[in-house]
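Examination of the molecular architecture
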Amino acid sequence: MIDLTRVAPLLNEGARQFLGSAQPMLIGEQWCNADSGELIDVFDPATGTLLSQVPAGGASDVDRAVTAARQALAGPWGQMTGLERGKLITRFAQRLEALADELAQIEAIDCGKAVTHARYVDVPLTANTYHYMAGWASKVAGATVGLSSPGNAHAFTLREPIGVVAQIVPWNFPLVLTAYKLAPILATGCTTIIKPAEQTPLSTLRLAQIALEVGFPPGVINVVTGYGAAAGAALAAHPGVDKIAFTGSTEVGKQVARTALDSVKRVTLELGGKSPMVVFADADLDHAIPALAQAIFFHQGQVCTAGSRLLVHRSIHDRVIEGIIRQAGLLKMGHGLEPETTLGPLISKRQLDRVRHYIEQGQRDGADVISTGLETAESGYFVQPTLLVGASPESAVMREEIFGPVLCVTSFGDEGLHDIARQANDTPFGLSASVWTHDLSTAHTMAKLIKAGSVWVNAHHCFDPALPFGGFKQSGFGREQGAEAIHTFTEVKSVCMKL
């Protein structure tokens, strides 16, 4: 039985009403249950108690959603000008800003993240992404082409919507990572089916309600809640889906890509990471140390770009370690809805067991384990911020994504920048990295040598809707955000006219 008694006093009226009501999924203009009638239990990760239930959508539900999306693509939505779409996206963004407190609370209780982070990081970045892409909606265009062959001809390109896009979104940043896909989908005139993670479907369902309220035609945005093996797999295989936009683990991303290949769907993948933070001896440690701690402990380390590997010059190694431990000790562990909380729970018991396993394995592999000893919450899926110091480069904890508040630390000496970059690149992943130095030459050289989609200098986690985002190597392919996102969701057609 769902009981919100414990958290109700922490919720505003809008969040309380939403969480206290049934949560059907959206197909076309219908809020409906799954054809099977089955439900998915959604838990509060801070308490382990039942929070809500959503439909367990399957192949037949996906089929209905694809039909609705294709009808919308051929209907009034497909006839709208880019300017009209942009105005609608702007209204959507403004409504999200007006409902920021409600959305932050829904996100906090569903994901286990600190409500202050949700309110002042997740929701603003989400709204800004829609605002930014609203401007692009009226600027999606081809170009005239000067032909290289002789002859009297006029040639140009057209840039057209790719069609129906299925987006599969993970559980750590539902609002933000949906916006990364949905905003350019809407700007380019595509339609979509969103499959949120089964652990965190609530903010996506609220988002869909808001989209209908501001005037998006039915079928433009559909939400099918369900498990990946059922709803996700059905989307990847459906012949009426033109593109899959996936964010999640590398293992599942490979499965999605293999399935999509059978019908030659377009695919973009934003997958795992094992991001290095390279700290040189001349770094401003008063600035760097709090930022390094934030890079790994923000949202309990459940961030694909988390700074999970620290490579630090041996001359400042001990000072940096001590500083990060002090910063971790300032964190307040608790329920995400409590305003003073800065470290919430992991998303599930399964994730908790996974992180604990890696900590134990790191210790078996010879790393020194340093736990910060924060006061532990009475219930829920909480884990202490932990440092694994001195693990070998070949160990699992140095090479595999842990997805928890666990920082793996190693040091380097006075070797050349190419060798330091080799150490930073010694991972199957290449999503992000940060470099900490005051030397301009070092910063530029390392930014060039590091194989990652985003390289930040004297900062970590610098996100902006204008900056393309994506990974190298097994961190995926394709880019979201910026002008690159417009290319991601459009097809280019060449036209040549003999004169």
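Residues numbered from 1 in each chain as written. Predicted model: local features only at pLDDT ≥ 70, side-chain atom pairs only at ≥ 80, totals over all residues. Heavy atoms only, no water.

- By the naming in an unreviewed UniProt entry, the chain is Aldehyde dehydrogenase family protein, taken from Pseudomonas typographi.
- Recorded in UniProt under Sequence similarities (unreviewed entry), the annotation for the chain is "Belongs to the aldehyde dehydrogenase family." (UniProt positions renumbered as here; feature names shortened; annotations may be inferred.)

1. Side note on the layout of surface pockets
- The volume enclosed by the largest pocket comes to roughly 1500 Å³.
- If you list the elements that add at least two residues to the lining of the largest pocket, you get β3 (39-44), α9 (228-237), β10 (243-247), α10 (250-261) and α13 (349-364).
- Per-element tally for the lining of the largest pocket: the top contributor is α10, with seven residues.
- Class assignment of the residues belonging to the lining of the largest pocket gives a composition of 24 nonpolar, 14 polar and twelve charged.
- Approximately 410 Å³ is the volume found for the second largest pocket.
- Around the second largest pocket, the lining comprises 22 residues; the ones closest to its centre are Val121, Leu125, Phe298, His461 and Phe463.
- Looking at the lining of the second largest pocket, the elements that each hand over two or more residues are α6 (115-136), α7 (174-188) and α11 (285-297).
- Looking at the lining of the second largest pocket, the element that brings in the most residues is α6, giving four residues.
- Here the residues of the lining of the second largest pocket are counted per class, giving 14 nonpolar, six polar and two charged. (1 Å grid on protein atoms, 1.4 Å probe; cavity = no way out; pocket = protein on both sides within 12 Å on 5 of 7 lines; lining within 4 Å. Points joined across faces, edges and corners; volume = space filled by probe spheres on them. Helix = DSSP H or I, 4+ residues; strand = E, 2+ residues; numbered from the N terminus. Nonpolar A, V, L, I, M, F, W, Y, C, P; charged D, E, K, R; others polar.)

2. A look at the environment of Glu400
- Locating Glu400 in the fold gives a position in the loop between α14 (396-399) and β16 (406-412).
- Between the C-alpha atom of Glu400 and that of Ala233, which follows or precedes it by 167 residues, the distance is 25 Å.
- Every residue in contact with Glu400, bar those within four places of it in the chain, is listed here: Lys274 and Tyr358.
- Within polar-contact distance, the side chain of Glu400 engages the side chain of Tyr358 at 2.5 Å. (Contact = heavy atoms within 4.5 Å. Polar contact = N/O pair within 3.5 Å; in protein donor to acceptor, adjacent residues only side chain to side chain.)

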